[in-house]
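Spelled out, the chains give:
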Amino acid sequence: MHLPLSTAILPRLTQVDEVGSTNQELMAQAARGEAQHLSALVTTNQTAGRGRLGREWIAPPDRTFAVSVLLAPANASIESLAWMPLIGGLAMARAVRRLVSDREVTLKWPNDVHIEGLKVAGLLSELVPNGSGVIVGAGLNLTIKSDELPTSVSTSLLLEGVTPGVDLALSSYLTELTGLYEQYLGGACDASRSGIADAVRAECGTIGRRVRVELPGGGTIFGTAETVDDRGQLVVRDDANGSLQHVAAGDVTHLRYE
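Below: a short report on this structure. The model shown is predicted, which means the values in this text are computed figures rather than measured ones.

### Thoughts on the nonpolar core
In step 1: Counting 60 residues, the largest nonpolar core has Met92, Val96, Leu140 and Tyr173 as the members making the most contacts within it.
In step 2: Apart from residues lying up to four places away in sequence, Leu140 is in contact with Thr64, Phe65, Met92, Val96, Val120, Ala121, Leu157 and Ala169.
In step 3: The next biggest cluster of nonpolar side chains, apart from the first, holds six residues, and it includes Leu26, Met27, Ala35 and Val128.

### Quick notes on the pattern of salt bridges
In step 1: The tally for this structure, following the rule as stated, stands at 15 salt bridges.
In step 2: Put simply, Arg201 and Asp198 hold a salt bridge, and the shortest N to O gap is 2.8 Å. One end of the pair, Arg201, and the other, Asp198, are both in helix 7 (residues 196-203), three residues apart, so they sit about a helical turn from each other.
In step 3: Relative accessible area serves as the criterion here: at 48%, Asp198 is assigned to the partly exposed category.
In step 4: Here Arg201 makes a salt bridge to Asp230, at a shortest N to O gap of 2.5 Å. Residue Arg201 is found in helix 7, and its partner Asp230 is found in the loop between strand 11 (220-228) and strand 12 (234-238); the two are separated by 29 residues along the sequence.
In step 5: Its relative accessible area of 47% is what places Asp230 among the partly exposed residues.

### Structural notes on the side chain of Thr44
In step 1: Structurally, Thr44 can be placed in the loop between strand 2 (40-43) and strand 3 (49-50).
In step 2: Assessed through its relative accessible area of 11%, Thr44 is described here as buried.
In step 3: Among residues more than four places away in sequence, those in contact with Thr44 are Met1, Val16, Pro61, Asp62, Arg63, Thr64, Phe65 and Val166.

### Some thoughts on unusual backbone geometry
In step 1: In this structure, the amide linkage connecting Trp109 to the following residue, Pro110, adopts the cis form with an omega of 0 degrees.
In step 2: The residue Pro110 is located in the loop between strand 6 (105-108) and strand 7 (112-115) in this model.
In step 3: Despite not being glycine, Leu38 has its phi angle at roughly 70 degrees, a positive value.
In step 4: Inspection of the secondary structure puts Leu38 in the loop between helix 2 (22-31) and strand 2.
In step 5: In this structure Leu38 comes out as partly exposed when scored by relative accessible area, which is 22%.

### Considering the sheet that holds strand 13 (residues 244-247)
In step 1: On the basis of which strands lie adjacent, the open sheet formed by five strands has the order 13-12-11-10-14 and antiparallel pairing. Each edge of the sheet is formed by a strand with only one pairing partner; in this case those strands are strand 13 and strand 14 (251-255). Within this sheet the neighbouring strands show an average axis-to-axis angle of 40 degrees, counted without direction.
In step 2: When strand 10 (residues 210-214) meets strand 11, the two strands line up antiparallel, connected through five bridges. Bridge pairing links Arg212 to Phe222 in strand 11.

Analysis parameters
- Residue positions are given per chain, counting from 1 as you read along its sequence in written order.
- Local features in this predicted model are restricted to residues of pLDDT 70 or higher, and side-chain atom pairs are both shown and tallied only at a pLDDT of 80 or more, whereas totals for entire chains, interfaces and linings draw on every residue.
- For the side-chain quantities, the full set of heavy atoms in the structure was used; hydrogens and water were omitted.
- Take the buried Ala, Val, Leu, Ile, Met, Phe, Trp, Tyr and Cys residues and link them wherever side-chain atoms come within 4.5 Å; each set so joined is a nonpolar core.
- Each residue is placed in one exposure class: buried if its accessible area under a 1.4 Å probe, protein chains only, is under 20% of its type's maximum, exposed if it is over 50%, and partly exposed if it falls in between.
- Pairs of residues are marked as contacts when any of their non-hydrogen atoms sit within 4.5 Å.
- Salt bridges are defined by distance alone: a side-chain nitrogen of Lys or Arg within 4 Å of a carboxyl oxygen of Asp or Glu.
- Helix numbers and strand numbers start at the N terminus; a helix is a DSSP run of H or I with at least 4 residues, a strand a run of E with at least 2.
- Think of it this way: DSSP has to see at least two bridges between two strands before they count as a pair.
- Note on geometry: axes are C-alpha line fits, over the in-contact stretch for helices, and angles between N-to-C directions span 0 to 180 degrees.

This is the structure:
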C-alpha cells in the first residue's frame, strides 16, 4: 500500500500486508515499549480480527482495512479513557459521511457505523495493560461485494456507490480521529466541557430507537434508548418497569416499531 495522505497525519503509522489482529499486534508492541502515543498499525488483510464481545470479525482480503491507533493522553484517568471508543466511533461516522455524501450515516452505540441502517464499519477499543491508554481498533468495508458480506445487515462503500481507495478512506478517518481527540484534550478530557458528549448524542442513531440490550453478565433489557449520559453510557427506558437503565456495556439491537 502507498499511504501518503495517512502517514502525513500519523507519521508513526506502520502498514503490513497481513496480520492476525491489528489490536493484538499493537498491544504487544506497547507492552514491549515499541509503541507510543499515536502509534498505529494498518492492514488490508486481517486474518484473526475480533469484534465486540469476542465475536470474530470476518472480511475477505484486500476489500477492507483494519487500523489500530494507540491513544495515551498524559495522566488520563480511567474514566476519561472510557470516552475513547465513542470518539473512535464518532470519527468513523464522520469520515464515512464525508465519503458517502448522499446517504444517512449514523453511529450505533457504542461504536458501529451504519449507512441507511446497514453496518459498514465496526470498532473495538481495548485498555492497555498498565491503564495508560486505549488502543482504538477500526475496520471499514471498502470493496466487499454483496455476495461476500458477512451478514444480511452489512454493506460496503462499493455497494453505496463510492470507491475512495484505502489511503483516502483511512486518512479521512485519521483526520477525524485526531481532530476529535484534540478537541477532547482541549476540554481537559471532559466529555461535556469539550463538546464531545453533545456531538455523540447528535450523531447517535440509537437514541430514540426501540432496542434490545444483551448484557455481558446475562440478562436482557427491552426498551427505548433515551440518551447517552456524561459517562458515555446508553440510557434505556426499561419496558419492564419504566426505570432508566444506564448501560456501560452490552450488545444493542435496533428493533422495528410495531
